[in-house]
Every structure is written in C-alpha cells, then in structure tokens.
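The primary structure of each chain is shown beneath.
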Amino acid sequence: MGNHTTVSTFLPWGFSSFPDLQSLLFVMIFFSRVTILAANVSIMVTIKLSHSLHTSMFFFLCGLSFPENCTTMAIIPRMLVDLLSDSKTISLPECATQMFFFFGSAANNCFIMAAMSYDYYTAIHNPLHYRILMTHKICSQFIMASWMVGFLVFLCVIIIVFNLSFCDSNIIQHFFCDISPVVCLACDYTSRQERAIFVLSAFVLVGSFVFITMSYVFIVSTVVKMPSAQGKDKAFSTCSSQLTVVCIHYGFAGFVYLRPRDRDSLREDMLMAVTFTVLTPLLSPIVYSLRNKEMQMALRKVLGKTDTLISQMVNKRTLDI
C-alpha cells in the first residue's frame, strides 16, 4: 500500500441505488449462484466419471468450469452478504484480494478458451497426429500456464492499483471491487498508470481473442476444403458451442473493460458487470452441455446412476427403520 493512503475501508454502494429491489436481487443472485455451482460441478463430475469424455477437448472444458466457479465465488458470496447487511464496508486488503481472485480467474478463462481453440484447430487440421500432439501432459501444461500467466498479469494490476493514495471519498460506485471504480477514488491516479492497466488488461482480453480468431480462421479454411458435407457439419457443430461462449464472454468483457470511460459511465458499467459476473458463468455450462451430444449422453448416464444410488440408499434406510 502507498504511504499516503488515508482511506482504510471502502463502501461498495452498487445495489444501495436500488433499495426497493434488495430482496428480489438477493433471491435472483442466490439462485443464479446455486445454478452456476450445480452446472459446473455436474460437468466436472460427468467428465471425471465418463471414460468416453477423457479427451483433451473435455479436459479443457473441465479446466474452464473450475475458474468459472472461482470468478463467481470471488464476487457473489460477498454480494449476497451486502444485500442483507446494513454495514457494507470492505477493507483495502479484502478489496485487493477480491479483485485479484476475480480478475485472475477471469484471465484464466480467456487463456483456457484460447487453448481450447488451438485444440480444435489441431483436431481438425491434423487428426492423424492429434493424440500425439495433444497429450494429457501437454493439456495440463496449457492449464497451468493459463493459471500462472492470468494471475501474474493481474498481480501487476493489483500492485499498481493499491499503491495509489486513496484520500477522498471511500464510496465505490459498484457492487464489488472493480478496477475502474476503485482507481476513480485515488488522488494520484495518472495517465501513465491508466495506460499500464489498460495494456495489461488488453494483453489478456485482446491477446487471447486474437489467438482464438486466428485459430478459427485456420479452422474454417481447413473445414471448407473437406470433401464430405457430413465432415463439415460435424466440425462446425463441434466448434459452435465455443464460438457462442466466446462471443458472449468477450462481448461483455470488451464493452466493460476496454472501451473509453469516464465517471459518468460507472452506473452503466455496473449494470453490464452484473451480466458479465452472473449471466456469463451461468450460460457457459448450459451452452457447452446443450450443444454437445456426447456430454448430453454422459450427463444422462451419470444423473441416472446418481438417481438409482439415492433411491437405493432411501430404500435401505426405510427397511432399517
């Protein structure tokens, strides 16, 4: 922390702007959180238990489900507490921790989606050597690199933000410790620091998006050369789920974090951030599950086995009584 910081706590003011909607927001966000957790855990458990899904594509999907949970875990529990509490203050270390885990996990999502696009490209462009090129070890290295780079980038951002001096208002015009509302409270925030944060954020968002775009350009150029119409349909069907999630994720993230902003746009940014932090993690597992027949079949089998197991346990307890 900087030596001149006089503010010791922040007050996230976001949902206080809607006093009549506090209870409704709590119920909606709570059930969204439960659904996100259930959907992502279901995907991870299904992939773990289904040997037919032990491929690199589903390994990356499992790797994507975990940080999706982490991003919501960094934000939503605190958000729910604030909706029910009169005291909404958060200390600077807590604010820094929340910001670090939210943006680190979100950056990890971006890099894993980039790795998934490369995996799709390899499967379509070089199917004969696919299992050699995308081994479990290589996929694990991609996942580890995504975590390391994502958190390292936003560790640099956190260091920049929390070395600023906060000596004016402590009211954050947001429902969590987002970067822009926090730096707006600093007394010594300069264009140099603004550029540094923008470049680091752009490296994650734009860098991964460019890589994904290039991968899909090569994928499309390969698919259109396929002689079989059935092969083309299968290839596009495999990629369509990720393209849908990419458009949702990067569309909202780019609008919130890369466009020019000012203090008057904070309320608009907050409303968009609700969508980004709640709706996107909710849609991702649904899209991947609904658009993939292998996942649907495996999910039905796992749910069927779970239902059978629960019924047997209930019947056993009934007999014991």
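Before any of the text, the structure's been laid out above.
All of the points below concern the structure found in this document. Please read these numbers as outputs of a predicted model, since none were measured by experiment.

1. What about the pairing of strand β1 (residues 9-12)?
Then comes step 1: Examined bridge by bridge, β1 and strand β2 (residues 90-91) share 2 bridges and lie antiparallel to one another. Bridge pairing in β2 places F10 opposite I90.
Then comes step 2: Two elements, β1 and strand β3 (residues 171-172), share 2 bridges in a ladder whose sense is parallel. Its bridge partner being in β3, L11 is matched across the sheet by I171.

2. Here we look at helix α8 (residues 229-257)
Owing to its 3.6 residues per turn, the α-helix aligns residues three or four sequence positions apart on the same side.
Then comes step 1: The end-to-end C-alpha distance of α8 is 40 Å, a good match for the 42 Å that 29 residues give at a rise of 1.5 Å each.
Then comes step 2: In α8, a bend of some 35° at S240 exceeds every other bend along the element.

3. Examining the packing of aromatic side chains
Then comes step 1: Summed over all chains, the structure comprises 19 aromatic pairs.
Then comes step 2: With centroids separated by 5.2 Å and ring planes inclined at 90°, the aromatic side chains of F10 and F166 adopt a geometry described as edge-to-face. Placement of the pair is F10 in strand β1 and F166 in the loop between α5 (136-161) and β3, with a sequence separation of 156 residues.
Then comes step 3: Looking at F10, the relative accessible area reads 0%, which means it is buried.
Then comes step 4: Each residue in the set F66, F100, F101, W147 and F151 is aromatic and connected to the rest through ring pairs, giving one cluster.

What counts, and at which threshold
- Residues numbered from 1 in each chain as written.
- Predicted model: local features only at pLDDT ≥ 70, side-chain atom pairs only at ≥ 80, totals over all residues.
- Heavy atoms only, no water.
- Pairing = 2+ DSSP bridges.
- Helix = DSSP H or I, 4+ residues; strand = E, 2+ residues; numbered from the N terminus.
- Expected span 1.5 Å × (residues − 1).
- Bend = angle between axes of the 7 residues up to and from the residue.
- Phe/Tyr/Trp six-rings, centres within 6.5 Å; stacked < 30°, edge-to-face > 60°.
- Buried < 20%, exposed > 50% of the residue type's maximum accessible area, 1.4 Å probe, protein only.

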